[in-house]
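Chain by chain, the residues run as shown.
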Amino acid sequence: MKGKLLLVFGMFLLSVVSLKGEEKDSVRSFSISQKSVYPFIIQDSPALVFTMRQIDEDYLSGYRIYSRILGECFSPAVNYAIQAVTGFLFLIPLTHEEAHRSILSGKNIGSVSRPFFFSQRRGYVYGVTDATLKNLRDSDFPTYSRLHGAGLESDYMLTHREEELIAFGQERFGTLAVEYLMRKAMIFQYYLMGFVKMDIDGDEEKDELLRDIVGNDIYGNIRHLFRPTMNFQRYTRYADLTSQEIWYLHKMGYRSLLNLANLNIIGIPNISLSANTNINFGMGHIMCPFGDFIDENIFVQYRKKLLLETYVREYQNNQKWFMAGGIGVKDYPIGNKFISSVNLHVWNQPENLGFNDTQGKFGGAVEWVGRYFLVSGKRRQNSAVSLDMGLIYKTSGYLPEEIVMQEHFGIRIGASIALDK
């Protein structure tokens, strides 16, 4: 933590030095609305190596810059080929496996992420004993269930963030096309493998510390939802599933196709309703600690200043449906050098986050982020750096990307880079 705070302080000092002798008329000419903003979380809460939210936001900003540089250096064909190869071999497995690792870190369980396609299991997390995982299952089942789905939860939220950036005109579709489409394909691959009875786990390693923490994410999650107290085994194969579990697996596969319901899939960023208003809409689906959920998302851009996102969410466990929703204002400019975002979430979820709970419990969360840009003189008007502060308060309950499922108040510290679009 000290190193990260020193980095923030160092960025601040660097910015102060760059502001010395600043010309007032030059600062007035700076407008954040004309920039592409790349945010990075330096320290999240709880203070771990990396939280899931931190992994996703930092990765996506880094990827956007990476794609931008490739686009400036190579032809489109070479650019997309490089993105596809690096994404398939390293980048997509990196965030997927780090998301699994973050759930264990949130429970103070040490583990090792090996996010390489050419590794033994094409990307996995290991270094945890069977006894530790069994204790987590028996003492905190919602977290154990989430451990299975964390990688796909991260994949889902990254595609959602990409859809938001494209819909609001904050990023070109071409910059994110390879990452976005490949990550969507990865989600489908996991959910649709049940239709072809695909097994990917192979033989279990003799040394338990070398075993993948959960094996097949979907098979394992479904088996444990239906049989949470069965004899502990880490890997789940298609033949291990009951007929009821196979029916549920196929239901998840069909529902995963809802992730295709977005105009970005065919390269359309948004629809123009008038000279001042653009809109995009889409759907999504993913599993969660007590079953799964379906999203309906709407993105509205008004006068290129008001960026409004709203969603309706339907959770379902084994017994019933639970409704949720939210609304957010993104990157609203207050003056030329400050932007702010606020999000409000409300939900009704199973009382104990259980697969068979019939009673619901209401909860919610509010998030705020502010970014203040430190602007240099005329010669450096094409870029700026900001100091960022974020706050979140949530009641007990599940919120995608937030690894704490109990009541939680958190602080985020970060920095953003602003470059000409």
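In this text, all values refer to a predicted model and were calculated from it rather than measured experimentally.

**Q** Where do I start with the overall build of the chain in this structure?
**A** Along its length, the chain carries nine helices and twelve strands. Relative to the compact-globule value of 22 Å for 421 residues, the chain shows a C-alpha radius of gyration of 22 Å, a close match. The principal-axis extent of the C-alpha atoms belonging to the chain is close to 70 × 45 × 45 Å. Taking all 421 residues of the chain together, 55% fall into the buried category. Within the chain, residue pairs in contact and separated by at least 24 positions form 63% of the contacts whose partners lie at least 6 positions apart. For the chain, the exposed area adds up to about 18,400 Å²; of that, 62% sits on carbon and sulfur atoms.

**Q** Would you explain empty space enclosed by the protein in this entry?
**A** Gaps left between atoms are located by rolling a probe of water-molecule size over the structure's atoms. The full count for this structure, using the stated rule, is four cavities of 30 Å³ or more. The calculated volume of the largest cavity comes to roughly 90 Å³. Lining of the largest cavity is provided by Phe40, Ile41, Arg53, Glu57, Val369, Arg371, Asp388, Met389, Gly390, Arg412, Ile413 and Gly414. If you list the elements that add at least two residues to the lining of the largest cavity, you get β1 (35-43), α3 (52-73), β10 (360-374), β11 (383-394) and β12 (408-420). In terms of residue class, the lining of the largest cavity is built from five nonpolar, two polar and five charged.

**Q** Please clarify how the layout of surface pockets should be interpreted in this entry.
**A** The calculated volume of the largest pocket comes to roughly 1,000 Å³. Taken together, 50 residues line the largest pocket, and the ones lying closest to its centre are Glu164, Gln170, Lys330, Asp331 and Ser341. The residue inventory of the lining of the largest pocket, partitioned by class, reads 18 nonpolar, 14 polar and 18 charged.

**Q** Help me out: how do you make sense of the packing of α3 against helix α6 (residues 141-167) in this one?
**A** Geometrically, a packed helix pair is captured by the angle between its two axes and the distance between the axes. At a minimum axis separation of 10 Å, α3 and α6 run at an interaxial angle of 40°. Classed by the angle they form, the pair α3 and α6 counts as oblique. At the point where α3 passes α6, the crossing takes the right-handed sense. For the pair α3 and α6, contact is made by Met52, Arg53, Asp56, Glu57, Tyr59, Leu60 and Arg64 and by Arg146, Ala150, Glu153, Ser154, Met157, Leu158, Arg161, Glu162 and Leu165, respectively. The residue inventory of the contact of α3 with α6, partitioned by class, reads seven nonpolar, one polar and eight charged.

**Q** Quick question: what am I supposed to make of helix α9 (residues 243-256) here?
**A** Residue pairs three or four apart in sequence face the same way in an α-helix, which turns once every 3.6 residues. Counted at 1.5 Å a residue, the expected span for α9 with its 14 residues is 20 Å, and the 20 Å between its end C-alpha atoms agrees. Among all positions in α9, only Glu245, Ile246, Tyr248, Leu249, Lys251, Met252, Gly253, Arg255 and Ser256 are buried. Residues of α9 that are buried make contact with α7 (173-192), α8 (217-226), β5 (277-288), β6 (291-302), β7 (306-316) and β8 (321-333).

**Q** Would you explain the pattern of salt bridges in this entry?
**A** Between side chains of opposite charge, a pair can form when the charged atoms approach closely. Using the criterion set out here, one finds 27 salt bridges in the structure. For Glu164, the salt bridge goes to Lys330, with nearest N and O atoms at 3.7 Å. Taken together, the residues span a long stretch of sequence, with Glu164 in helix α6 and Lys330 in strand β8 at a distance of 166 residues. Using a relative accessible area of 11% as the deciding quantity, one classes Lys330 as buried. We note a salt bridge from Asp295 to Arg313, for which the minimum N-O separation is 2.6 Å. With a gap of 18 residues between them, Asp295 in strand β6 and Arg313 in strand β7 connect regions that are remote in the sequence.

**Q** What am I meant to see in helix α5 (residues 130-139) here?
**A** Regarding α5, the residues found buried are Leu133, Leu136 and Arg137. Taken end-on, α5 shows its buried residues confined to a sector of 100°, consistent with a single buried face. Residues of α5 that are exposed and point more than 90 degrees away from the buried face comprise Ala131 and Ser139. Close packing links the buried residues of α5 with α4 (76-106), α6 and α8.

**Q** How should I be thinking about the environment of Leu147 in this particular structure?
**A** In this structure, Leu147 sits in helix α6. As for Leu147 and Trp247, which are separated by 100 residues in sequence, their C-alpha atoms are 22 Å apart. Dropping the residues within four chain positions of it, Leu147 is found in contact with His100, Ile103, Leu104, Leu133, Leu136, Ile213 and Val214.

**Q** What am I meant to see in a nonpolar patch on the surface here?
**A** Together, Ile327, Val342, Leu344, Val346, Val366, Trp368, Met389, Leu391, Tyr393, Phe409 and Ile411 give the surface a local cluster of nonpolar side chains, amounting to about 910 Å² of exposed area. Elements with a minimum of two residues in the nonpolar patch: β9 (338-350), β10, β11 and β12. Along the chain, Phe409 turns up in strand β12.

**Q** Honestly, the environment of Phe173 in this entry has me stumped. Any pointers?
**A** For Phe173, the location among the structural elements is in helix α7. Sequence spacing of Phe173 and Ser416 is 243 residues, and the spatial spacing of their C-alpha atoms is 21 Å. Those residues within four positions of Phe173 in sequence are excluded, and the remaining contacts are Ile166, Tyr180, Asn264 and Gly267.

**Q** Explain the nonpolar core here, please?
**A** Note that soluble globular proteins tend to have their nonpolar side chains buried in a common cluster. Core analysis: the largest hydrophobic core is formed by 55 residues, its most contacted members being Leu104, Leu147, Tyr191, Ile218, Ile222, Met287 and Tyr315. Here this core gets seven residues from one element, more than from any other, and that element is α6. Setting aside its immediate chain neighbours within four residues, Ile222 contacts Glu245, Tyr248, Leu249, Met252 and Met287. Among the nonpolar cores identified, the runner-up in size contains nine residues, and Tyr59, Leu60, Tyr63 and Leu158 belong to it.

Cut-off values and rules
Along each chain, residues carry numbers from 1 onward, in the same order as the chain's sequence is written. The predicted origin of the model limits local features to residues at a pLDDT of at least 70 and limits the giving and counting of side-chain atom pairs to 80 or more, whereas totals for whole chains, interfaces and linings rest on all residues. Where side-chain values are given, they derive from all heavy atoms of the structure, hydrogens and water being excluded. Each helix is a run of H or I in the DSSP string that is no shorter than four residues. Each strand is a run of E no shorter than two, and both are numbered from the N terminus. We take the radius of gyration over the C-alpha atoms and set the globule estimate at 2.2 Å times the residue count to the 0.38 power. Three labels apply to residues, based on accessible area from a 1.4 Å probe with only protein chains included: buried if under 20% of the type maximum, exposed if over 50%, partly exposed otherwise in between. Note on definitions: a residue-residue contact is assigned when non-hydrogen atoms from the two residues lie within 4.5 Å. With residues, only the protein chains shown are counted as cover, and all accessible areas are computed by Shrake-Rupley using a 1.4 Å probe. Both site types are read off a 1 Å grid over the protein atoms alone. A 1.4 Å probe that fits but cannot get out defines a cavity, while an open set with protein on both sides within 12 Å along at least five of seven lines defines a pocket; lining residues have an atom within 4 Å of a point. Grid points are joined across faces, edges and corners, and a volume is the space filled by probe spheres set on the points. Residues are grouped as follows: nonpolar covers Ala, Val, Leu, Ile, Met, Phe, Trp, Tyr, Cys and Pro; charged covers Asp, Glu, Lys and Arg; every other residue, Gly included, is treated as polar. Orientation is described by lines fitted to C-alpha atoms, with helices fitted over the stretch in contact, and by angles between N-to-C directions that extend from 0 to 180 degrees. Angles are sorted into four bins: roughly parallel if under 35 degrees, roughly antiparallel if over 145, roughly perpendicular if 65 to 115, and oblique for all others. The sense of a crossing depends on the near helix, which, turned anticlockwise from the far helix by less than a right angle, makes the crossing left-handed and, turned clockwise, makes it right-handed. In this analysis, the expected span of each helix is defined as 1.5 Å times one less than the number of residues it contains. Each reported salt bridge corresponds to a side-chain nitrogen of Lys or Arg within 4 Å of a carboxyl oxygen of Asp or Glu. This arc corresponds to the set of directions leading from the helix axis out to the C-beta atoms. Like charges are joined within 9 Å and nonpolar side chains (Val, Leu, Ile, Met, Phe, Trp, Tyr) within 5 Å, but only among residues with over 30% relative accessible area and no salt bridge; these make up the patches. Joining through side-chain atoms within 4.5 Å is the link that ties buried Ala, Val, Leu, Ile, Met, Phe, Trp, Tyr and Cys residues into a set, and such a set is a nonpolar core.

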